[in-house]
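Inside the fold
Listed here are the chains, written in short residue letters.
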Amino acid sequence: MQAYILGIDIGTGSTKAVAVTLKGASLGITQQHYGINIPQPGYSEQDPLMIWNAFVKCVQDIVLKIGYAPVAVSFSSAMHSIIPVDKAGAPLAPMITWADSRSEDIAQTLRESAGAEEIYRTTGTAIHAMSPLCKLIWLRENNPSLFNKSHKFIGIKEFIWFKLFNVFEVDYSIASAMGLFDILKLEWSMEACALAGIETDKLSAPVNTTYYREGLNIDLAALLNISVDTKFFAGASDGCCANLGSHTTGPGIAALTIGTSGAVRITSAKPVYNFEGMTFNYLLNEQTYVCGGAVNNGGIAINWLLKNFLQKEQLSGTDYDQLFKTIESVPAGSDGLIFLPYLYGERAPIWDTKTSGAYINIKPSHTQAHFLRAALEGVCFALYNVLKTVEDASVTITQVNISGGFVSSAVWTQVLADITGKKLAVLQNEDASAVGAIYLAAKVLYSDDYARLTSVTHHTFIQPNLNNHELYSRVFVIFKKLYQDLKGSMHQLNDLAW
Ligand code: ADP
């Protein structure tokens, strides 16, 4: 019987439980999927009890499969969610997820206000509709009775934690993504809370990401198939856990994900500020920050093209391979065709909800393959823009650890290597966020073995073609300028409200 730790990753589309032994071996993974409710455009809600049930099922299943209880359970979870709850921790309304954009106008007004930079620097969170700060202002203005009767405003991990231990506690990492937490003082920011219109007692008590509780009540232990001695670690947010779990912790290493959306993150001993680009600074622990930026338009922009122009939906890996193979006949730079991928508005580093997608410089010689190649290049340029913003405000990046659906494509990853000019590393592990949560617990429980446990890495590398990179560097300057040149017209078109 090998002792193991269970990493729980509470995501937007599913919850996963990953079991890893103290020697770093995986004992398996379970997953429960669920949906998002969109009661009206711009809304994105979930039932917290549905996610609690998914968590319970994941733990029950994996423990049953392994046959004995874990030493510890540690949490990773999606950021930016808000649930108004009563004293007993019961939800008074559905959870508002990170993707909910109802507070967009509030965010814009706040971003343009005199104190915006100070709030950004204090809280480390971009002033955007995803931030709980903006969501709370929206609730106060639009549903004052719910706002006033709420005992606390908590995120999904705190909801599960309360069901386990009957206390309102939030780890520094999730707290630092709320737009309400002072990331240097490690306490709720009075100024940000005043903006939201709340006292700090409306929020949970902040604890470190290595904080744990034990002594689960016997009924819950039986429900979960675990022991009353199993320790529960608060853990961190999914982004911060992913940096730890993917070994993106050293200087000069960045993590880059392209799934539906995309993100770039580095790990740093101090915050990396850029007010215009609004790089985020979330806490991995009390002295480590995960800094970076997220984009809206990752695979979702490519899939729009495949669906609407190539009639391709529900694609298998082989479909992607066949489609992407066609672009190999097109040279780097797509013979001058440039794609701005901002179909769904954009977050970092341009923070523009009114922008849109565009193909520029279309010539008669451009074929379907050119449009596809330009789309892949456009998504990669947008992520390179974030990478450059982070790099320019911190240290030179020499290695990029990549993850997300696009990693399966040799063509797409090579485009990214050539655009960034960086060595890319692909890490084979189950789920970097869950593994990162496991590492947080392992560091406390097995500090002597920790270095050995986390030294187990299986990287494969992709090297950039430097000739292509030189060309792409020139195109990148035009890519950025095109957005600036077109921004005014895009906003005017947006305001016509078609
Ligand atoms: P999510 O962010 O929802 O977890 P994934 O990380 O699974 O998404 O990534 C999904 C995206 O990855 C898709 O939108 C698609 O663009 C891309 N993708 C998925 N599979 C492949 C593949 N085999 N080859 C190339 N791209 C892929």
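The model shown is predicted, which means the values in this text are computed figures rather than measured ones.

**Description of the overall build of the chain**
Looking only at helices and strands, the chain has 17 helices and 23 strands in total. Taking 498 residues into account, the globule formula puts the C-alpha radius of gyration at 23 Å, and the chain, at 22 Å, falls close to it. On the principal axes, the C-alpha backbone points of the chain span a range of 70 × 55 × 40 Å. When the 498 residues of the chain are sorted by exposure, 57% land in the buried category. Of all intrachain contacts in the chain linking residues separated by at least 6 positions in sequence, the fraction that spans at least 24 positions is 72%. Taken as a whole, the chain presents about 20,100 Å² of accessible surface, with 52% of it coming from carbon and sulfur.

**Comments concerning the sheet that holds strand 14 (residues 231-237)**
Read across the open sheet, the six strands follow the order 3-2-1-5-14-13; overall the sheet is mixed. Edge strands, defined here as strands with exactly one partner in the open sheet, are strand 3 (26-33) and strand 13 (212-213). As paired elements, strand 1 (residues 4-10) and strand 5 (residues 72-77) share six bridges and run parallel to each other. When the sheet's bridge partners are listed, I10 is paired in strand 5 with S77. Running at roughly 100 degrees to strand 14, helix 10 (residues 238-245) makes contact with strand 1, strand 5 and strand 14 of the sheet. Along the sheet, helix 15 (residues 432-445) makes contact with strand 1, strand 2 (14-21), strand 5, strand 13 and strand 14, crossing strand 1 at roughly 140 degrees.

**A word on the pairing of strand 18 (residues 288-295)**
Burial analysis of strand 18 places eight of its eight residues in the buried class, the great majority of the element. Side chains T288, V290, G292 and A294 project from strand 18 onto one buried face, and the interleaved Y289, C291, G293 and V295 project onto a second face that is buried too. Sheet analysis places strand 16 (residues 262-268) next to strand 18, joined by seven bridges and oriented antiparallel. Bridge pairing in strand 18 places V264 opposite G293.

**Observations regarding the sheet that holds strand 16**
Overall, mixed pairing links the seven strands, which are arranged 17-18-16-15-21-22-23 in an open sheet. Each edge of the sheet is formed by a strand with only one pairing partner; in this case those strands are strand 17 (280-285) and strand 23 (459-462). The mean angle between the axes of side-by-side strands here comes to 30 degrees, regardless of whether they run parallel or antiparallel. In this sheet, strand 22 (residues 423-427) lies alongside strand 21 (residues 399-403) in parallel orientation, the contact comprising four bridges. In the strand pairing of strand 22, N401 is matched with A425. Its contacts with the sheet put helix 14 (residues 410-420) on strand 15 (253-258), strand 21, strand 22 and strand 23, and the angle it makes with strand 22 is roughly 140 degrees.

**Details of the packing of aromatic side chains**
Counted under the stated rule, the structure contains 32 aromatic pairs. Seen from their ring centres, F181 and W188 are 5.2 Å apart, and the 80 degrees between their planes marks the pair as edge-to-face. When sorted by exposure, F181 lands in the same class as W188, which is buried. Taking the centre distance of 4.6 Å and the plane angle of 35 degrees together, the rings of F339 and Y359 count as tilted.

**Points about the state of the cysteines**
Counted according to the given criterion, the structure contains zero disulfides. Between C58, a cysteine without a disulfide, and C241, which holds the nearest cysteine sulfur, the sulfur-to-sulfur distance is 16 Å. Note on C240: no disulfide assigned, nearest cysteine sulfur contributed by C241 at a separation of 7.1 Å.

**Focus on the pattern of salt bridges**
Counted according to the given criterion, the structure contains twelve salt bridges. Across the salt bridge formed by D100 and R102, the nearest N and O atoms sit 2.8 Å from each other. The buried category is assigned to D100, whose relative accessible area is 1%. R102 sits in the buried class, given a relative accessible area of 17%. One salt-bridge network, held together by shared partners, links E45, D100 and R102.

**A short note on the site of the ligand**
Surrounding the ligand, one finds 13 residues, the nearest of these being G259, T260, N303, Y320 and G405. One of the side-chain N or O atoms of T260 is found 2.7 Å from an oxygen atom in the ligand. Here an oxygen atom of the ligand sits 2.9 Å away from a polar atom, N or O, in the main chain of G405. Its free accessible area being 570 Å², the ligand has 65% of it covered by the protein chains.

**Digging into the domain arrangement of the chain**
Under the domain assignment used here, the chain contains domain 1 (4-240) and domain 2 (248-426 + 465-498). Distance between the C-alpha centres of domain 1 and domain 2: 28 Å. A buried area of about 2,200 Å², summed over both sides, lies between domain 1 and domain 2, and 64% of it is on carbon and sulfur atoms. The largest contributions to the domain 1 side of the interface with domain 2 come from Y120, I183 and C240, which together make up 26% of the buried area. The interface formed by domain 1 and domain 2 includes zero salt bridges. On the surface where domain 1 and domain 2 come into contact, there are ten residue pairs in polar contact (both at pLDDT 80 or more).

**What about the side chain of H469?**
Here H469 is to be found in helix 17 (residues 466-495). If near-sequence neighbours (up to four positions away) are discounted, H469 is found in contact with Y384, D418, I419, T420 and G421.

**Here we look at the environment of S150**
Relative to the elements of secondary structure, S150 occurs in the loop between helix 5 (144-149) and strand 8 (152-154). Residue classification places S150 among the buried positions, given a relative accessible area of 1%. Between the alpha carbons of S150 and K202 there is a distance of 8.1 Å; along the sequence they are 52 residues apart. In this structure, S150 is in contact with P84, V85, L92 and K202, ignoring residues within four places of it in sequence. Looking at S150, its side chain comes within polar contact range of the main-chain oxygen of L146, at 2.7 Å.

Analysis parameters
Residues numbered from 1 in each chain as written. Predicted model: local features only at pLDDT ≥ 70, side-chain atom pairs only at ≥ 80, totals over all residues. Heavy atoms only, no water. Helix = DSSP H or I, 4+ residues; strand = E, 2+ residues; numbered from the N terminus. Rg over C-alpha atoms; globule rule 2.2 N^0.38 Å. Buried < 20%, exposed > 50% of the residue type's maximum accessible area, 1.4 Å probe, protein only. Contact = heavy atoms within 4.5 Å. Areas by Shrake-Rupley, 256 points an atom, 1.4 Å probe, with all protein chains shown as cover. Pairing = 2+ DSSP bridges. Axes fitted to C-alpha atoms, helices over the stretch in contact; angles between N-to-C directions. Phe/Tyr/Trp six-rings, centres within 6.5 Å; stacked < 30°, edge-to-face > 60°. Disulfide = S-S within 2.5 Å. Salt bridge = Lys/Arg side-chain N within 4 Å of Asp/Glu carboxyl O. Near = heavy atom within 4 Å. Polar contact = N/O pair within 3.5 Å; in protein donor to acceptor, adjacent residues only side chain to side chain. Domains from an automatic or database assignment. Buried area = accessible area lost by both parts, 1.4 Å probe.

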